[in-house]
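Chain by chain, the residues:
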Amino acid sequence: MLRVVEQLQPALQQKDRVRQNGIVRQLVEMHAPMGDQWQALANLVLGNGECTLARQAMDMFVEEQGGAPQAKYLKAAILEQSGAMRDAYDLMCTLPRDVPDPAANAYSRGTAALYLGAMEEGRRDLERATRLQPRSGPAWWLLAMSADLGQATEVADRILAAGPEMENAPPAHRAPYLYAAGKVHAERGEHGSAFAAIARGARDMQSLRRYDREADRRNALASVQDYDIGRIREIAERQSEATGRAIFVTGPARSGTTLVEQILTSHSTVGSGGEINRLPLLAREMDGYSYQALVNYVRVKGVAEVAHLWDHLLTERMPAPGRVVDKSLSTTRMIGLAAALLPEAPLIWLTRDPLDRAWSSFRTFFADGLEWSYDLEAIAFFSRLEDALLQRWRDILGDRLLVVPYERLVTEPEAWIRRILAHCGLAEEPQVFAPHEAERLVTTASVMQVRRPINRDGIGPAEPYREFLQPFITAYGAY
């Protein structure tokens with residue numbers, strides 16, 4: 001066993017994903033006594049895309065801990081991160097309410113219930129979490145996300161009443177609380193107060209996360225540099241493996257991708273979806289997503305092996321049968337890689353009115369952090385980068401890329417749903433025209449919207465805030 005463990009450090013230093021996974025697999029098969037290190041090993045292979053192996057490592061951890069509730073709680077976290085939210089929630093429900101402590105337990109259970117669509121149950125646990133830990137900013141934000149605050153006045157009043165307590169909270173907790181308070185004011189039509197609270201939260205987030213404009217510009221340029229339709233076709237025509245399981249739905253944040261995901265996953269042949277971020281794992285293996293990185297990797301490995309790796313990464317994250325919707329935001333920077341290596345995969349890009357998208361981005365607390373969303377001028381800069389990427393990919397890919405305007409989708413849903421289905425090679429089914437009725441996991445800021453019928457509420461929400469959004473309007477016009 002010691003000899004196997006000693007091989008891990010060189011594999012880490014060399015960033016050799018295959019060797020790292022192989023070593024952990026050996027340790028699992030040996031039932032090696034790794035103690036607390038099993039948790040670190042589980043996180044390592046999960047970061048490599050190996051969900052099954054990560055769960056096996058956590059099983060070893062729980063076993064060595066004698067089935068302790070604390071160990072099972074940590075296992076639930078790995079299950080959640082690997083996409084098994086239902087399993088994570090079911091495991092959480094077997095644990096005492098004080099594991100690892102009452103507030104953390106309530107927050108974890110409430111979050112999982114909310115994402116699984118059990119809104120009332122999730123709200124009860126999140127209310128409990130805020131009572132037990134009044135300075136938990138993320139709990140306040142999720143509580144605000146769990147309700148129509150125009151109707152749930154008691155919840156809204158509780159959120160605002162917590163303001164004095166949150167004033168001296170650390171920025172990482174005060175910020176999400178301020179976004180929650182802003183949501184209350186916005187739903188009450190108190191536009192000035194809403195913007196003021198959200199702007200304060202955004203300033204807190206800026207102090208924690210810096211947006212590097214030039215790095216992002218270089219990133220965007222690299223994602224299209226040297227790609228053209230001839231080069232994409234040259235690689236695509238060498239692909240002999242089936243590559244149509246994934247359906248890529250992308251676009252800037254708050255452009256409507258979750259609605260399209262909900263429509264598609266309502267179809268009987270589409271198993272699941274989400275922001276699964278498998279393309280970044282593929283790009284990491286290729287040492288980048290530029291055209292040159294793609295060519296270098298294919299020259300050594302061949303296109304078939306890349307397809308096998310992709311299928312493995314996708315199946316690890318989405319093991320249920322059927323096609324899969326990948327609505328990861330990162331796909332806007334990896335369209336070339338997807339188009340060349342996965343020629344049968346449909347590509348869909350959502351657009352939305354720039355001002356509505358900007359306001360929606362600015363007012364949303366993104367749990368995973370989108371650094372550009374905390375400043376109106378930065379939102380304008382990022383938006384122009386995304387606009388340029390879309391134009392470039394439309395020029396290159398033509399009809400291979402279906403561009404769906406959000407406003408047209410919600411005002412003419414039947415016509416646009418039919419276009420989306422046709423683009424994906426899916427037969428029409430009645431349930432896709434009522435996607436809000438589907439029971440499925442939603443872990444994005446659209447968790448409440450997708451539980452409602454398709455509506456036009458997302459058209460024009462920025463208009464009452466136009467005077468506050470002038471920095472975006474000015475900068476967007478200047479870039």
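Cut-off values and rules
- Residues numbered from 1 in each chain as written.
- Predicted model: local features only at pLDDT ≥ 70, side-chain atom pairs only at ≥ 80, totals over all residues.
- Heavy atoms only, no water.
- Pairing = 2+ DSSP bridges.
- Helix = DSSP H or I, 4+ residues; strand = E, 2+ residues; numbered from the N terminus.
- Axes fitted to C-alpha atoms, helices over the stretch in contact; angles between N-to-C directions.
- Contact = heavy atoms within 4.5 Å.
- 1 Å grid on protein atoms, 1.4 Å probe; cavity = no way out; pocket = protein on both sides within 12 Å on 5 of 7 lines; lining within 4 Å.
- Points joined across faces, edges and corners; volume = space filled by probe spheres on them.
- Nonpolar A, V, L, I, M, F, W, Y, C, P; charged D, E, K, R; others polar.
- Buried < 20%, exposed > 50% of the residue type's maximum accessible area, 1.4 Å probe, protein only.
- Polar contact = N/O pair within 3.5 Å; in protein donor to acceptor, adjacent residues only side chain to side chain.
- Core = buried A, V, L, I, M, F, W, Y, C linked by side-chain atoms within 4.5 Å.
- Parallel < 35°, antiparallel > 145°, perpendicular 65-115°, else oblique.
- Phe/Tyr/Trp six-rings, centres within 6.5 Å; stacked < 30°, edge-to-face > 60°.
- Lys NZ or Arg CZ within 6 Å of the ring centre and 35° of its normal.
- Salt bridge = Lys/Arg side-chain N within 4 Å of Asp/Glu carboxyl O.
- Left-handed = near helix turned anticlockwise from the far one by under 90°.

S.K.: Explanation requested: the sheet that holds strand 4 (residues 347-351) in the structure shown.
M.R.: In a beta sheet, neighbouring strands are held together by backbone hydrogen bonds and run either parallel or antiparallel to one another. Across the sheet, which stays open at both edges, the 5 strands sit in the order 2-3-1-4-5 with parallel pairing between neighbours. Each edge of the open sheet carries a strand with a single partner, namely strand 2 (270-274) and strand 5 (401-405). Mean inter-strand twist for the sheet, computed between neighbouring axes without regard to direction, equals 20°. In the packing of helix 25 (residues 413-423) onto the sheet, the strands contacted are strand 4 and strand 5, and the crossing angle to strand 5 comes to about 165°.

S.K.: Would you explain empty space enclosed by the protein in this entry?
M.R.: Using a probe with the size of a water molecule, rolled over the atoms, empty space left in the structure can be pinpointed. Scanning the entire structure with this criterion turns up 1 cavity of 30 Å³ or more. Here the largest cavity defines a volume of roughly 30 Å³. Taken together, P252, A253, R357, S361, W372, I379, F382, S383 and E386 make up the full set of residues lining the largest cavity. Secondary structure elements with two or more residues in the lining of the largest cavity: helix 22 (354-363) and helix 23 (376-397). Class assignment for the residues of the lining of the largest cavity results in 5 nonpolar, 2 polar and 2 charged.

S.K.: In this structure, what is going on with helix 22? I would like to understand it.
M.R.: An α-helix turns once per 3.6 residues; consequently, residues spaced three or four apart project the same way. Most of helix 22 is tucked away: 8 of the 10 residues are buried. Residues of helix 22 that are buried: L355, D356, R357, A358, W359, S360, S361 and F362. Looking at the packing, one finds that the buried side of helix 22 touches helix 13 (171-187), helix 14 (191-208), helix 23 and helix 26 (470-478). Its side-chain oxygen 3.1 Å from the backbone nitrogen of L355, D353 forms the N-cap of helix 22.

S.K.: What is the right way to look at the pairing of strand 5 in this model?
M.R.: Every regular strand shows the same layout, with side chains that alternate between the two sheet faces. The buried count for strand 5 comes to 4 of 5 residues, which makes it a mostly enclosed element. In terms of strand pairing, strand 4 meets strand 5 through 5 bridges, oriented parallel. Looking across to strand 5, one finds that W349 is bridged to V403.

S.K.: Would you take a moment to explain the nonpolar core for this structure?
M.R.: The nonpolar side chains of soluble globular proteins are, as a tendency, buried together. Of all hydrophobic cores here, the largest spans 107 residues; its most connected members are I159, L341 and W393. At 12 residues, the largest contribution of residues to this core is made by helix 23.

S.K.: Just to check I follow, could you spell out the packing of helix 4 (residues 37-47) against helix 6 (residues 69-81) for this structure?
M.R.: The relative placement of two packed helices is expressed as an angle between their axes plus a distance between the axes. Put simply, helix 4 and helix 6 touch, their axes get as near as 11 Å, and they point 0° apart. If you check the angle between helix 4 and helix 6, you find them roughly parallel. Counting all contacts with helix 4, which are made through Q39, A42, N43 and L46, the residues of helix 6 involved are L74, I78 and Q81.

S.K.: Explain the packing of aromatic side chains to me, please; I cannot follow it from the model alone.
M.R.: Each pair of aromatic rings is reported with the distance of its centres and the angle of its planes. A full pass over the atoms with the stated rule returns 16 aromatic pairs. With a centroid separation of 6.1 Å and 20° between ring planes, the pair formed by F195 and W359 is classed as stacked. Note that F195 is positioned in helix 14 and W359 in helix 22, a separation of 164 residues in sequence. Given the relative accessible area of 12%, F195 is considered buried. The exposure class of W359 is buried, given its relative accessible area of 1%. Judged by centre distance (6.5 Å) and plane angle (50°), the ring pair of Y465 and F468 falls under tilted. Counting every residue linked through ring pairs, the aromatic cluster contains F195, W359, F362, Y465 and F468. When the ring centre of Y476 is taken as reference, the NZ or CZ atom of R384 above it lies at 3.8 Å.

S.K.: Where do I start with the pattern of salt bridges in this structure?
M.R.: Close approach of charged atoms allows side chains with opposite charge to pair. One pass over the structure, following the stated rule, counts 26 salt bridges. A salt bridge links D387 to R384, with the shortest nitrogen-to-oxygen separation between them at 3.5 Å. Taken together, the residues span about one helical turn, with D387 and R384 both in helix 23 at a distance of 3 residues. Residue class for D387 comes out partly exposed when judged on its relative accessible area of 23%. When the shortest N-O distance is used, the salt bridge between R466 and E463 registers 2.9 Å. Classification of R466 as partly exposed rests on a relative accessible area of 36%. Take E463: its relative accessible area is 46%, and that puts it in the partly exposed class. Members of the salt-bridge network, linked through shared partners, are R17, R25, E50 and E285.

S.K.: It is not clear to me how the side chain of S82 should be interpreted in this structure. Could you clarify?
M.R.: Looking at where S82 falls in the secondary structure, it is placed in the loop between helix 6 and helix 7 (85-92). Engagement of the side chain of S82 in a polar contact is seen with the side chain of R55, the distance being 3.1 Å. Those residues in contact with S82 that lie beyond four places of it in its chain are L46, C51, R55 and R317.

S.K.: Any chance you could explain the packing of helix 8 (residues 102-115) against helix 10 (residues 137-145) here in plain terms?
M.R.: Viewed as axis vectors pointing N to C, helix 8 and helix 10 meet at an angle of 30°, and their least axial separation amounts to 11 Å. In this view, helix 8 runs roughly parallel relative to helix 10, as classed from their interaxial angle. Classified by chirality, the crossing of helix 10 by helix 8 is left-handed. Residues Y107, T111, L114 and Y115 of helix 8 lie in contact with helix 10, whose contacting residues are P138, A139 and L142.

S.K.: Would you explain the pairing of strand 2 in this entry?
M.R.: Within strand 2, 4 of the 5 residues are buried, which leaves the element mostly enclosed by the surrounding structure. Bridge count between strand 2 and strand 3 (residues 323-326): 4 bridges; the pairing is parallel. Its bridge partner being in strand 3, V270 is matched across the sheet by R323.

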